[in-house]
Structures are given as C-alpha cells and as structure tokens.
Amino acid sequence: MSRKTETSGPRVTVIGSGSWGTTFGKVLADGGAQVTMWARRAELAHEIREGKRNSRYLPGINLPRSMTATHHLSEALQGAEQVYLAVSSQALRENLTAIRPLIAGGTMPVVSLMKGVEKRTGLRMSQVIEQGLDCDPNRIAIASGPNLALEIAREQPTAAVIASASQETAEAVALRARNSYFRTFVNTDVIGTEFGGVLKNLIAVAIGIVDGVGYGENTKASIITRGLVEMTDFAVAQGAHPETLQGLAGLGDLIATCQSPLSRNNTAGRLLGQGYSFQDVVKQMDQTAEGLASVAPVLTLARAAGVQMPIVEQVKMVLDGTMNPRDIAPHLTTDDDKPTGERTPHGDDNSSGALRRAFQRALDQFRNGGRGPARDRS
C-alpha cells in the first residue's frame, strides 16, 4: 500500500513501546506525523531510533524513517502536539506522575490507547488520566476498535473509533491517526468506547478457556453472543449508549479479539483452559493481558449496578482456581429453569430492534457517503 512520506509533519509522542504503542506510532508516522516513541529500556529506544525495528514486539516489521525513540521522558515530550499513552493500565498512574510536570500548562490532546480498568479504584483510563494530569476532560481522547497490533503493523486494512467528550478533540485526533490502511471514526461516548475495549477482553479470556479445553464453535459462538449482551447491559448501566457496543469498540473488537491467536487475552484464556494456573499464565505471557487484571474491578462495578455477568463470574472462578475449566458454561447459567428471554433489557420492545439498528447504521453510512451517522462520524 502507498505511504505518505512527509518529513516535516506535526510532532506527536507515544509513551510506551510495546507492540500496540509501536504499531500506533507507525500508524501516525504513515499518516504524516513526526513520531517520537518513549521506551523504558534504553536498548529498545536505540533499536527503534537507529535500526527502525522493534524486534521483540513486532518481529519482521520495518518502521518508518519519521519514527524516532528515546528513553528520556522529557526529550520524548518536548514540542509534542499530541500525546498517546500505551502503557499497562495498572502502571498508568505511576507514569502520569512523571509526565504531569513535563506537560503542565499545555493544551495538547492526550490519547489513551489502553483497554483496562484500574484495579485499585475501578476507574476507566480516561478518569485516571484526568486525575493524574489534572487536565480538562475535553483534552482526553480514547482510541479503540478491532486493532490487533501485528496485523496493523503489516498494513492490513482496519478501522478504529476515537472518542472524546469534545467533538473537536475527537476529530483532531482522528485526522492525525489515519492513513491509507487505517481509518478512524469518531463519537462522544467515552464511557461506551472505553468499556467496550475493557469488556471484550473478559469475553476473550472465556473464549480462550473453552478453546483450551477443546470445546467447539457452538460453545464459542454462544459465549460471544451472550457476551455482547453482558457487555451492553454493563456499559449502559454505567451511562453508555447501547449503539456504541454494536460498533467498532464493541462488537468489532469483540470479534477480532475472540477469534484471533494474536490476542493476548485469548492466549491467556487458552493457557488457563489447558490447566495452567493463573500465576503460570502470567509468567508465560510476554506482554500484559489486560483482561486478567480487569475481571475483579468490573465485577465489583457490575454488582454495585445490579448487572448480572455470568460469563465474567465464571472467568473469575477459573482464575481463582475454584472452577475446573472444563466446567465453564456461562451461557447456560440462569437463576432457575424458567425460560429466559434472549433480549437485553436495553433493547427495543420489538425483538428485531438490534438487527434494525444495525441496518439503520449501514443505511446512515450509505446516505452520508460512508461517513456514518453524526454520533460516529469519521
């Protein structure tokens, strides 16, 4: 695919040089930006800067010449017009403490590339950023969607959604984070977009577990379908729009994460299903599977809101070692033997509501020349 080759584009910074952070840096560079990566390890920064490679996290991928890297945080942030955060969700607050004095007084957008919930507080990443940087939430944006890093690094076409409380911020970030193989849409549903990215990880762990056990496609399809209901019920109870969970940050990300061996959460679940303990899985994982850390805080929030999440409950039981992975069947769990309606409580009265909304979204995109409805417009 063709690639932009501008050498004097806007300066952006990506904090975190794992597979997703480096991939998103490549997306930004291929869209015309001058990208500075911050890497915790000096040797990784040197490899990105001098060799245009990240052999540990993106083997075989050549990085653009407009990408550089440093392990000095102040150098990475100097002159940045946009800042992208791609660190572990559980390490975010610590990193923000170091970042805050370096961007104090700035007005640049701060973009979360993370899909997790802070374990200690149950806060979404945008809330942690707002607290940690003491900044206007209108400066904060979220990037989410079906975004498996290695596929995007190989320039396979995909899409993402950029969400912000400010339409202006969402559009500014979306214009920067797009190129010939990466398309961005926008919305203002930060809650739905963030929780979509968090919750699909939990369902992906469940899919990995049943895959590791050896169950087939019927089991996985049932869990994915009912998982989307759990995701929607939970997110709406937290203030999200149900339509967001049917979009890129919900259904799109759920499909990609559940069916791909590139998914860290799917891989972690598969190891659990094969009989490895939680501690053994953590030791074997080269990178963080955010879903493992998010299970407990999500269930705490769900119980407080009165939302039932049988899939996530059984994932926690497997993680705790109180359920044999072979016994996992959350899609069969009901309070009693009375037949249960399939529809989510947040659906239309007509059982065809979800399907009709999907068709309506497609029609809106067609009418707007592929731009999507106003709330999810690229």
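Look a little higher up for the structure.
Residues numbered from 1 in each chain as written. Predicted model: local features only at pLDDT ≥ 70, side-chain atom pairs only at ≥ 80, totals over all residues. Heavy atoms only, no water.

K.L.:
Could you give me a rundown of the packing of aromatic side chains, with the residues and numbers involved?
P.N.:
Scanning the entire structure with this criterion turns up four aromatic pairs. Arranged with centres 5.4 Å apart and planes meeting at 75°, the rings of Trp-20 and Phe-24 form a pair that is edge-to-face. In this pair, Trp-20 and Phe-24 are both assigned in helix α1 (residues 19-30), four residues apart and thus about one turn of the helix distant. For Phe-24, a relative accessible area of 1% puts it in the buried group. Look at Phe-24 and Tyr-84: their rings are 5.5 Å apart centre to centre, the planes differ by 35°, and that puts the pair in the tilted class. Here Phe-24, found in helix α1, pairs with Tyr-84, found in strand β4 (residues 82-85); they are 60 residues apart in sequence, far enough to count as distant. (Phe/Tyr/Trp six-rings, centres within 6.5 Å; stacked < 30°, edge-to-face > 60°. Helix = DSSP H or I, 4+ residues; strand = E, 2+ residues; numbered from the N terminus. Buried < 20%, exposed > 50% of the residue type's maximum accessible area, 1.4 Å probe, protein only.)

K.L.:
Can you break down helix α2 (residues 42-51) residue by residue, with the values?
P.N.:
Of all the residues in α2, the buried ones are Leu-44, Ala-45 and Ile-48. For α2, the angular spread of the buried residues around the axis is 100°, confining them to a single face. Residues Glu-43 and Glu-50 are exposed on α2 and point more than 90 degrees away from its buried face. Buried-residue contacts for α2 involve α1, β2 (34-38) and β3 (67-70). The positive-phi residue at the C-terminal boundary of α2 is Lys-52, with phi of around 55°. (Arc of directions from axis to C-beta. Contact = heavy atoms within 4.5 Å.)

Keep in mind that these numbers describe shape and distance, not what the molecule does.
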